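# Coordinates in review
Read off the chains here:
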There are 2 protein chains.
Amino acid sequence: MSKESASHSVGIVQTHIVQLFDEHHPLALDSGAQLAPVQVAYETYGQLNAEGSNAILICHALSGNAHAAGRHSPDDKKPGWWDSYIGPGRPYDTNRYFIISSNNLGGCDGATGPSSIDPATGKPYALRFPMITLSDMARVQKALVDHLGVKKLMAVAGGSMGGMIALQWALDYPDRVPACIMVGSTPRLSAQNIAFNAVARQAILSDPNFNNGDHYDGPKPVNGLALARMIAHITYLSEQGLHEKFGRKLQNRETFSFGFEPDFAVESYLYYQGSSFVKRFDANTYLYITKAMDYFDPFPDPETAARVLAPIHCKFLVVSFDTDWRFSTSKSKEMVRILQNNQKNVTFQEVNSHHGHDAFLLDAPSFKQTLAVFLDRCYREAVGMEAPVG
Amino acid sequence: MSKESASHSVGIVQTHIVQLFDEHHPLALDSGAQLAPVQVAYETYGQLNAEGSNAILICHALSGNAHAAGRHSPDDKKPGWWDSYIGPGRPYDTNRYFIISSNNLGGCDGATGPSSIDPATGKPYALRFPMITLSDMARVQKALVDHLGVKKLMAVAGGSMGGMIALQWALDYPDRVPACIMVGSTPRLSAQNIAFNAVARQAILSDPNFNNGDHYDGPKPVNGLALARMIAHITYLSEQGLHEKFGRKLQNRETFSFGFEPDFAVESYLYYQGSSFVKRFDANTYLYITKAMDYFDPFPDPETAARVLAPIHCKFLVVSFDTDWRFSTSKSKEMVRILQNNQKNVTFQEVNSHHGHDAFLLDAPSFKQTLAVFLDRCYREAVGMEAPVG
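The rules behind these values
- Residues numbered from 1 in each chain as written.
- Chains lettered and ligands numbered in written order.
- Predicted model: local features only at pLDDT ≥ 70, side-chain atom pairs only at ≥ 80, totals over all residues.
- Heavy atoms only, no water.
- Least-squares fit on C-alpha atoms with pLDDT ≥ 70 in both.
- Contact = heavy atoms within 4.5 Å.
- Salt bridge = Lys/Arg side-chain N within 4 Å of Asp/Glu carboxyl O.
- Helix = DSSP H or I, 4+ residues; strand = E, 2+ residues; numbered from the N terminus.
- Pairing = 2+ DSSP bridges.
- Axes fitted to C-alpha atoms, helices over the stretch in contact; angles between N-to-C directions.
- Phe/Tyr/Trp six-rings, centres within 6.5 Å; stacked < 30°, edge-to-face > 60°.
- Buried < 20%, exposed > 50% of the residue type's maximum accessible area, 1.4 Å probe, protein only.
- Lys NZ or Arg CZ within 6 Å of the ring centre and 35° of its normal.
- Buried area = accessible area lost by both parts, 1.4 Å probe.
- Polar contact = N/O pair within 3.5 Å; in protein donor to acceptor, adjacent residues only side chain to side chain.
- Nonpolar A, V, L, I, M, F, W, Y, C, P; charged D, E, K, R; others polar.

## As for the relation of the copies chain B and chain A
Placing chain B over chain A gives an RMSD of 0.0 Å and needs a rotation angle of 180°, together with 0.0 Å of translation along the axis. Interpreted geometrically, this transformation is the action of a two-fold axis. When the interface residues of chain B are mapped onto chain A, 100% of them again fall at the interface, so both copies present the same face.

## Looking at the pattern of salt bridges
Overall, the coordinates contain 38 salt bridges over all chains when judged by the stated rule. We note a salt bridge from A:Arg96 to A:Asp376, for which the minimum N-O separation is 2.6 Å. Taken together, the residues A:Arg96 in the loop between strand S7 (92-93) and strand S8 (98-102) and A:Asp376 in helix H11 (residues 365-383) connect sequence positions 280 residues apart. With a shortest N-O distance of 3.2 Å, B:Lys142 and B:Asp146 are connected by a salt bridge.

## A word on the sheet that holds strand S12 (residues 179-183) of chain A
For sheets, the rule is that strands pair by backbone hydrogen bonds, running either parallel or antiparallel. Residue and element names in this part refer to chain A. Reading across the sheet, the eight strands line up as S1-S4-S8-S5-S11-S12-S13-S14 and stay open at both edges, with mixed pairing between neighbours. Looking along the sheet, the strands with just one partner apiece sit at the ends: strand S1 (16-21) and strand S14 (345-351). Within the sheet, the average angular offset between the axes of one strand and its neighbour, ignoring direction, is 20°. Here five bridges tie S12 to strand S13 (residues 315-321), and the two strands are oriented parallel to one another. Bridging from a neighbouring strand, cysteine 180 pairs with phenylalanine 316 of S13. Contacts from helix H3 (residues 161-172) reach strand S5 (55-59), strand S11 (155-159), S12 and S13, with the element oriented near 155° to S11. The sheet contacts of helix H10 (residues 329-341) involve S12, S13 and S14, and relative to S13 the element is tilted by about 160°.

## Focus: the sheet that holds strand S12 (residues 179-183) of chain B
All names here are of chain B. An order of S1-S4-S8-S5-S11-S12-S13-S14 is seen for the eight strands of this open sheet, with the pairing classed as mixed. Looking at strand neighbours, the two that pair on one side only are strand S1 (16-21) and strand S14 (345-351), the edges of this open sheet. When strand polarity is set aside, the average angle formed by the axes of neighbouring strands in this sheet is 20°. Across five bridges, the pairing between strand S5 (residues 55-59) and strand S8 (residues 98-102) is parallel. Bridge assignment links isoleucine 56 to a residue of S8, and that residue is isoleucine 99. The strands touched by helix H10 (residues 329-341) within the sheet are S12, strand S13 (315-321) and S14, with S13 carrying the most contacts at an inclination of about 160°. Contacts between helix H11 (residues 365-383) and the sheet are confined to S5, strand S11 (155-159), S12, S13 and S14, with S13 contributing the most and set at about 175° to the helix.

## Looking at the packing of aromatic side chains
Applying the stated rule across the entire model yields 38 aromatic pairs over all chains. Arranged with centres 4.7 Å apart and planes meeting at 20°, the rings of A:Phe277 and A:Phe281 form a pair that is stacked. Owing to a relative accessible area of 9%, A:Phe281 belongs among the buried residues under this scheme. On the numbers, 5.0 Å between centres and 90° between planes, the contact of A:Tyr288 with B:Phe260 is edge-to-face. Linking A:Tyr288 in helix H8 (residues 283-295) with B:Phe260 in the loop between helix H6 (239-245) and helix H7 (265-277), this pair reaches from one chain into another. The burial state of A:Tyr288 is the same as that of B:Phe260; both residues are buried. Members of the aromatic cluster, connected to one another through ring pairs, are A:Trp81, A:Trp82, A:Tyr85, A:Tyr92, A:Phe321 and A:Phe367. In this structure, A:Arg326 packs its charged tip against the face of A:Phe327, placed 5.2 Å from the ring centre.

## Details of the interface of chain B and chain A
When the parts come together, some accessible area is lost, and that loss is often what is quoted as the size of the interface. Each side of the interface is counted separately: chain B has 52 residues, and chain A has 52 residues. Around 4,600 Å² of area is buried between chain B and chain A when both sides are counted, 71% of it from carbon and sulfur atoms. At the boundary of chain B with chain A, the tally comes to 10 salt bridges. Salt-bridge contacts for A:Asp263 lead to B:Lys291; the nearest nitrogen and oxygen are separated by 2.7 Å. Joining chain B to chain A, the criterion identifies 25 residue pairs in polar contact (both at pLDDT 80 or more). Tallying contributions element by element places helix H4 (residues 191-205) of chain B first for the side of chain B that touches chain A, with 11 residues. Residues belonging to the side of chain B that touches chain A are distributed by class as follows: 30 nonpolar, 11 polar and 11 charged.

What follows is the structure, encoded as structure tokens:
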């Protein structure tokens, strides 16, 4: 039986919540503000070895959460968001590695964010929540990793914004991160990326139910948040993928409606994406996290890149998908160029896929293989094993 | 003095409005509905020759209007939308050609549309306006051309949706159109195009001021329409163009706001585009016209293409712009392929530009040259002149 066919799910998993900062030890944010208490939701898969050398931190993207693998109950409809990559015999091999997956600061799924209760008022923070950066998110994850007794990670990994957080980790904690994996990610948002984020935020901000962020006790800005999601969702898919999946197919009809209901299947699909998203996501979190993404720019010029990369001895795996136009291959290549210009060890792969940006969430055999090999190398270095012969 | 340097504007021009259909002769629409009265706004530049053989009809895009060239007064800030292409010595040479530019049916700038008064109620049609197609738009323009005494056009031309209308003209009136010019256009909207239109419409439909379209006496759905415009505007520009124009430049600030006001210049630019658009455009028109674009699909399969193209003896000029990702070169090539598969005469040019879809509105010297040569050929054929030697 091949290794691949022997791979299976991590099975039933549980999300844990831990408080990491309190009023005596508040979280110091990049903005200068302090935040307390701060809690975070996380899951772990596999076992930390005795030497504590096999831990991999997984960072999720904009709308993800700590539930990266397995199911919460046997009748759970969907597994975690990176399930096909995490498990016994899978690239993040839980027979070998200890996987930590944490919700991002500012989120709405167990980590402290704008929907959390502000102890000063007893009400949700809403827009009184301080602005956060990807560095702040990494700072909370660093406290989680400490809490779990992991002194040095074997690797930090993420897709899309998760890859940006992984990069931030490598820059902020050079002694703790020997390997960084960025999948479908970018060293910075482009003007077009910022433009899409800006329109998405404007959709939320201009929803009359937004109420300056104080919508937790009343009607929620579901129209604005749904629009934000629909706009973003178009950027997650490739034109080719949309064509193959929907083309100009009509939705449950033979002829045009000659009205303003959705005629085309792609319209119904988008509306469904919007309306299902608002059931699980907080509009304020959407604002904070997209702004944090916009701000992220660790290499604004070559001099800064040289300075911030100087202390780094991390090896990088940078993976892009050829039909991803949100964070295209050119962005990954820019990342590779910056690293190479600064004499860093970097492996790059462009993966063929029809799925655009969403490809980073989907089963991609050639990426899986690259990832497994890269992690094997990380593991051997971490535990002091020799490289395999041949 | 070269021809180019001798080119100049058509000068001060006037928009005319003419009623083309009335209750005795209503406009029969593709939907089966009838519409009356129907008026249209138009401008003309140059003089119709004695033989009536030098007329070119110009069709505008989604948000354009009949004002294609010149200025309405000496202190007019901006000339018409295709001004750099129309005038004495310019490709649409008004020394030689008679240019007709008409507002599209369903518009909000002089042509009958949802903001027009419904004679049955004495109030604006709003959503009681019938659904229209690009063929209906061409039908009204045909009546305008008849009204102007033009029996046969020399050419019909348009950019973006205007190119789609030009194609519709060639298909609907094969005896009247010996030449068709499609610039930055497409034979059909893709799933991605429809998706962007659907989100834009949803932004309007979900604006609480939309009021089922009856917003002419009250507050207008300006937030929704502004969002629609911002979404569309991103698709009008290339990623490269946005990068060159804005990059990650901040807007009138040295550091991040750490708040939700626009930080980046590209954000301010988009908000400006949205807020200025709502002053001149009707939200209902946006709904009707985008739906008409979605429906347009004259060549759904090769058999239909063969059937509808059989009566056509029109020569085509198809021009695309290499950074246009709304209607990319691949769409123009698809158009060319369909025409060539049906033994039609087609000239194709891909123009280099940083300006994405908007390039069709901007000065592009190589396109100008191609256009001038193509029109010269059309003119010589129309007036029975021999081709120039060499």
